[in-house]
Amino acid sequence: MDIKTIMVVGAGQMGSGIAQVCAMAGYNVILHDLTQDHINRGFATITRNVTRQVEKGKMTEEEKEQVLGRLTTSLDLQNASEVDLVIEAVVENMEVKTKLFAQLDEFAPPHTILATNTSSLPITEIAAATKRPEKVIGMHFMNPVPVMKLVEIIRGLATADDVYETIEHITRKLNKVPVEVHDFPGFVSNRILMPMINEAIYALYEGVATKEAIDAVMKLGMNHPMGPLTLADFIGLDTCLYIMETLHEGFGDDKYRPCPLLRKYVKAGWLGRKTGRGFYTYE
């Protein structure tokens, strides 16, 4: 399947990163969001990132202009009528995603593949909101997208082989490493990562050690580049809680029960870096 134009829905941290790597790989990209303010922030992030590439000597000024020239913006979802692939990167909420995919199914041409960047939700359930479940697939990028190499590719129950092969090919063209994963809650990445973060929060909650000590043990003892509590702040504590709830509900196993301290911080609005306070305080 020949993919020339990609729409990325959601201009936040993940969406802008996905749009950037797609444009750098030579695809025409439509970056869509609900408000012009969100679009402006996403486009500014991309511009800042590629400018940094020029400053580091990894890209010429001409190449930067070519990348930015492949990007257009959209406030109207009907612009999906012009694309071959949609990659959705909106809030991690099943109701929001299924409503969006039903709309995309209505607006996009029959050949268009609909991919979701969900980090934990069932691909099969998202696909069921459309009349083209064979063309729906999971394409879970890691954060920050321009830096991290992994993309988990998740087939839904009905995903066609040629759709999987197309997405695998595109992933390699984006200079990423595709890994096929089956459609289970949390896939592989968050099924392993989030319980570790949750257990670190339990260790803090139970007074086993300070947050600094817990992070130091994992960094210096396990060679992790970032401690689990720092990483939770980076991801967003609301996102961590939502994924833990998805795992708990999906498997019905209490080993995935979110720590009460995580719930308390989210209720307090202490969501991590994005709000200036989580387990740590940020300027």
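As recorded in an unreviewed UniProt entry, the protein goes by the name 3-hydroxybutyryl-CoA dehydrogenase, listed as coming from Thermaerobacillus caldiproteolyticus. As stated in UniProt under Pathway (unreviewed entry), the record for the protein gives "Lipid metabolism; butanoate metabolism."

For the rest of this paragraph, the subject is the nonpolar core. Residues L85, I87, M139, F141 and L174 are the most contacted members of the largest nonpolar core, which totals 37 residues. Considering each element in turn, this core owes the most residues, six residues, to helix α1 (residues 13-24). Excluding anything up to four places from it in sequence, I87 contacts I6, M7, V8, V9, I18, C22, A115, M139 and F141. Residues A232, I243, M244 and L247 belong to the second largest nonpolar core, which totals 24 residues.

We now examine helix α6 (residues 161-173). Between the first and last C-alpha of α6 there are 18 Å, a value that for 13 residues agrees with the 18 Å anticipated at 1.5 Å per step. Listed as buried for α6 are V163, Y164, T166, I167, I170 and T171. All buried residues of α6 project into a common sector of 160 degrees when viewed along the axis, lining one side. Turned more than 90 degrees away from the buried face of α6 sit H169 and R172, all of them exposed. As for α6, its buried residues are in contact with β4 (85-88), β5 (113-116), β6 (136-141), β7 (150-155) and β8 (177-181). N175 sits one or two residues past α6 and shows a positive phi near 65 degrees.

Listed under "binding site: NAD(+)" (unreviewed entry) in the UniProt record, and renumbered for this structure, are G10, A11, G12, Q13, M14, G15, D33, E92, K97, S119, N143 and K274. The residue Q13 is located in helix α1 in this model. In this fold, M14 is placed in helix α1. Ignoring anything within four residues of it in the chain, the contact list for M14 reads A89, N117, F141, M142, N143 and V145.

Glancing now at the state of the cysteines. Taken as a whole and assessed by the stated rule, the structure comprises zero disulfides. C240 takes part in no disulfide bond, and the closest cysteine sulfur to it belongs to C259, at a distance of 12 Å. Owing to a relative accessible area of 1%, C240 belongs among the buried residues under this scheme.

This part is about the domain arrangement of the protein. When the domains of the protein are assigned, the result is domain 1 (5-182) and domain 2 (190-273). In this assembly, ten residues from domain 1 lie in contact with five residues from domain 2. Here domain 1 packs against domain 2, burying approximately 580 Å² in sum over the two surfaces, 56% of which is carbon and sulfur. Interface area lost by domain 1 to domain 2 is led by E92, S119 and S120, which between them contribute 53%. Applying the counting criterion to the domain 1 and domain 2 interface returns zero salt bridges. For the interface between domain 1 and domain 2, the tally reads two residue pairs in polar contact (both at pLDDT 80 or more). Its residues assigned to classes, the side of domain 1 that touches domain 2 shows three nonpolar, six polar and one charged.

For the pair helix α7 (residues 189-205) and helix α9 (residues 228-235), interaxial distance at closest approach is 9 Å and the crossing angle is 115 degrees. Considering the relative orientation of α7 and α9, their crossing is left-handed. For the pair α7 and α9, contact is made by L193, M194, M196, I197, A200, I201 and L204 and by P228, L229, L231, A232 and I235, respectively. The residue makeup of the contact of α7 with α9, split by class, is twelve nonpolar, no polar and no charged.

The rules behind these values
Residues numbered from 1 in each chain as written. Predicted model: local features only at pLDDT ≥ 70, side-chain atom pairs only at ≥ 80, totals over all residues. Heavy atoms only, no water. UniProt positions renumbered as here; feature names shortened; annotations may be inferred. Core = buried A, V, L, I, M, F, W, Y, C linked by side-chain atoms within 4.5 Å. Buried < 20%, exposed > 50% of the residue type's maximum accessible area, 1.4 Å probe, protein only. Helix = DSSP H or I, 4+ residues; strand = E, 2+ residues; numbered from the N terminus. Contact = heavy atoms within 4.5 Å. Expected span 1.5 Å × (residues − 1). Arc of directions from axis to C-beta. Disulfide = S-S within 2.5 Å. Domains from an automatic or database assignment. Buried area = accessible area lost by both parts, 1.4 Å probe. Salt bridge = Lys/Arg side-chain N within 4 Å of Asp/Glu carboxyl O. Polar contact = N/O pair within 3.5 Å; in protein donor to acceptor, adjacent residues only side chain to side chain. Nonpolar A, V, L, I, M, F, W, Y, C, P; charged D, E, K, R; others polar. Axes fitted to C-alpha atoms, helices over the stretch in contact; angles between N-to-C directions. Left-handed = near helix turned anticlockwise from the far one by under 90°.

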